[in-house]
Every structure is written in C-alpha cells, then in structure tokens.
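Take a look at the letters that make up each chain.
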Amino acid sequence: MANRFFNPRVGTQYQKGFINGKKVLILGASHYCLLNSSEKGFVCPVWKECTSREIRDSSKFNTCCPAYEANGWIKEYGVKLEDRAQIEVDNFFDAPSSYKTYSNFTNFIIDYFGFTNAEEVWDRLAFVNYVQYVLPTTATPSFDEGDIRNFEAFLQTLQELHPDIIIVWGTKTRDHFKKPYIQNMVDKLTMQENDYFWDLDYKGKSYIIVNCWHPSDYFRWHGSLDNFYKALKEVL
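Analysis parameters
- Residues numbered from 1 in each chain as written.
- Predicted model: local features only at pLDDT ≥ 70, side-chain atom pairs only at ≥ 80, totals over all residues.
- Heavy atoms only, no water.
- Helix = DSSP H or I, 4+ residues; strand = E, 2+ residues; numbered from the N terminus.
- Buried < 20%, exposed > 50% of the residue type's maximum accessible area, 1.4 Å probe, protein only.
- Contact = heavy atoms within 4.5 Å.
- Phe/Tyr/Trp six-rings, centres within 6.5 Å; stacked < 30°, edge-to-face > 60°.
- Lys NZ or Arg CZ within 6 Å of the ring centre and 35° of its normal.
- Axes fitted to C-alpha atoms, helices over the stretch in contact; angles between N-to-C directions.
- Parallel < 35°, antiparallel > 145°, perpendicular 65-115°, else oblique.
- Left-handed = near helix turned anticlockwise from the far one by under 90°.
- Pairing = 2+ DSSP bridges.
- Expected span 1.5 Å × (residues − 1).

Now for the overall build of the protein chain. Regarding its fold elements, the protein chain presents eleven helices and seven strands. Summarising its shape, the C-alpha atoms of the protein chain cover approximately 50 × 40 × 35 Å along the three principal directions. Out of the 236 residues in the protein chain, the part that is buried amounts to 47%. Excluding contacts between residues fewer than 6 apart, the proportion of contacts in the protein chain whose partners are at least 24 apart in sequence is 67%.

Here it is as structure tokens:
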C-alpha cells in the first residue's frame, strides 16, 4: 500500500504564490461516500469495503469506482478515485451551492483578500485531504496509530510542493499532530502560544501551519473569520 492515495490538486498559479509570493497548501480533512442507501439514488456495491475503517484502503477501486462509472466519468474523462480533490474543486466551480465547505472557504478568501472569483482563488492554492481512504460518513474520526499513513502522505506532499504555509482545516488533524508517534517522525512539530500557529521542520525546511475551524462547521467557522484573517495576515 502506497502512503499517499489521493493526489493533491495544484492550481495553475500555485508556484507564483498565493499572496506576496507565499505558496499555500490547504490540508483538508477527508473525502467521504454516502452511497450505501437508495435514498441517494445509487447504491454502491463496494461501499462497505471501500469505506472500511478496518481496511483503511480504497485504492482497490481507483480505476473502477462504481459511482464514477455510473456517471460516465471514467469512460468520458478517464478520472480515477485518486483524483477526488481535483474532481471536487472542479465540480464546486459548476455547482457551488452543493459544496458548502469549499463555498465557505472561498467566500472568506474573496471577502477578506480581494480576489474576484473562485477560480482565481483556487488557481493560486494547492489542496489535498489528510485521510488517505474514503470515509463512510461526513464526520472525520479521531485518529490513532493506524492512521500514521495519513501523516506520511502529508510529508510526501510537502516534499513535492514545498509550500511556505499550510492551512489545516479542523481539529481532528491538529489533534493527530499532537501525538508523540507523529511528532517523532519530523524534526519539529510544535504549537505556538497562539493556538492558530504550529512550527514544522522537516528535512531541512521550515513550514508554518495555520489551523482554523473546518469550513463545514458553520457557526464556529463564521464566528472566527476575523481572527483567522488576522492570523493569516501575520504570515502572508
């Protein structure tokens, strides 16, 4: 099993930087699938195995996701399950009301930083989720030592994209970062006195982590935007 399954979505202008030349990686939480009920109009025949918390590996269905096949995406576009980040952001452009998480984050960037539209925002960002298999619910679980692969995949992405700033969505990933078995995998991973910031040193490069509420957590997200903006302005 490879450490990273989901490929990051890298904006076409990512290398030029988000603001002031600073390259920014968004580390989301997880991808999920709810196609285990006829209420969704399609029941995935491999849902139980693909989203198993015991197996924690969806790669078997990378090129044969039944939902993608039913939508015609595999035949028409050649998409793979590993491209989920790219697929979700691109679908968000077409139907923003169906993707509240991306809408909330994008609207914050547009309102506070003066970008003109969603495409401009995401063209300057890289994005990947932390969990490296498909979850069976919208709720991200608490992580344990069986989830080390997620952190190893994150480190692989850092080595490839070399961001200056990493925006981490939500508390579950942050809590995993606090585990000794995770911190021992890098040279430094410590929270600053301000809860927003972490310092990460790995293989000769230093990174700044900014941890915010997950954009899907409506009330906490919208109640913290001014403080999140101030935190970002400190490092951008």
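What follows continues from the structure just given.
Inspection of the entire model under this criterion finds 31 aromatic pairs. With 6.5 Å between their ring centres and 50 degrees between their planes, Phe 105 and Phe 108 make a pair best called tilted. Residue Phe 105 and its partner Phe 108 are both found in helix 5 (residues 100–113); the two are separated by three residues, about one turn of the helix. You'll find Phe 105 and Phe 108 in the same group, each marked buried. Between the aromatic rings of Tyr 130 and Phe 143, the centroid separation amounts to 5.4 Å while the plane-to-plane angle is 65 degrees, which identifies the pairing as edge-to-face. Note that Tyr 130 is positioned in the loop between strand 3 (125–129) and helix 7 (148–161) and Phe 143 in the loop between strand 3 and helix 7, a separation of 13 residues in sequence. Accessibility expressed as a relative area gives 7% for Phe 143, which makes it buried. Across the ring face of Tyr 207, the terminal group of Lys 205 is positioned such that the distance to the ring centre comes to 5.3 Å.

Below, the discussion takes up the packing of helix 5 against helix 11 (residues 225–235). Relative to each other, helix 5 and helix 11 sit at 65 degrees, their axes nearing to 11 Å. Comparing their axes, helix 11 and helix 5 come out roughly perpendicular. Judged by the sense of rotation from one axis to the other, the crossing of helix 5 with helix 11 is right-handed. Between helix 5 and helix 11, the residues in contact are Phe 105, Phe 108, Tyr 112 and Phe 113 and Leu 225, Asp 226, Phe 228, Tyr 229, Leu 232 and Lys 233, respectively.

Another aspect to go through is the pairing of strand 5 (residues 188–191). Here strand 5 runs beside strand 6 (residues 197–202); their pairing, made up of four bridges, is antiparallel. The residue of strand 6 that forms the bridge with Thr 190 is Asp 199. Connecting strand 5 to the next strand, strand 6, in antiparallel fashion are five residues.

In this section: helix 5. Here helix 5 spans 19 Å end to end across 14 residues, near enough to the 20 Å set by a 1.5 Å rise per residue. For helix 5, the set of buried residues is Thr 101, Tyr 102, Ser 103, Asn 104, Phe 105, Thr 106, Phe 108, Ile 109 and Phe 113. With its phi angle positive at about 80 degrees, Gly 114 sits one or two positions after the end of helix 5.

On to unusual backbone geometry, then. Not every positive phi belongs to a glycine, and Asn 20 is a case in point at roughly 55 degrees. Structurally, Asn 20 can be placed in the loop between strand 1 (9–10) and strand 2 (24–28). The exposed category is assigned to Asn 20, whose relative accessible area is 62%. A positive phi is found at His 162, a non-glycine position, where the angle reads about 50 degrees. Its location among the elements puts His 162 in the loop between helix 7 and strand 4 (165–169). Under the relative-accessibility criterion, His 162 is labelled partly exposed at 35%.

Sheet strands pair by backbone hydrogen bonding; their relative direction is either parallel or antiparallel. Spatial ordering of the open sheet is given by 1-3-2-4-7-6-5, a layout of seven strands whose pairing is mixed. Of all the strands in the sheet, the pair left with one neighbour each is strand 1 and strand 5. Of the strand pairs in this sheet, strand 6 and strand 7 (residues 205–212) are connected by six bridges, and their pairing is antiparallel. Residue pairing in the sheet places Asp 201 in a bridge with Ser 206 of strand 7. Contacts from helix 5 reach strand 2, strand 3 and strand 4, with the element oriented near 135 degrees to strand 4.

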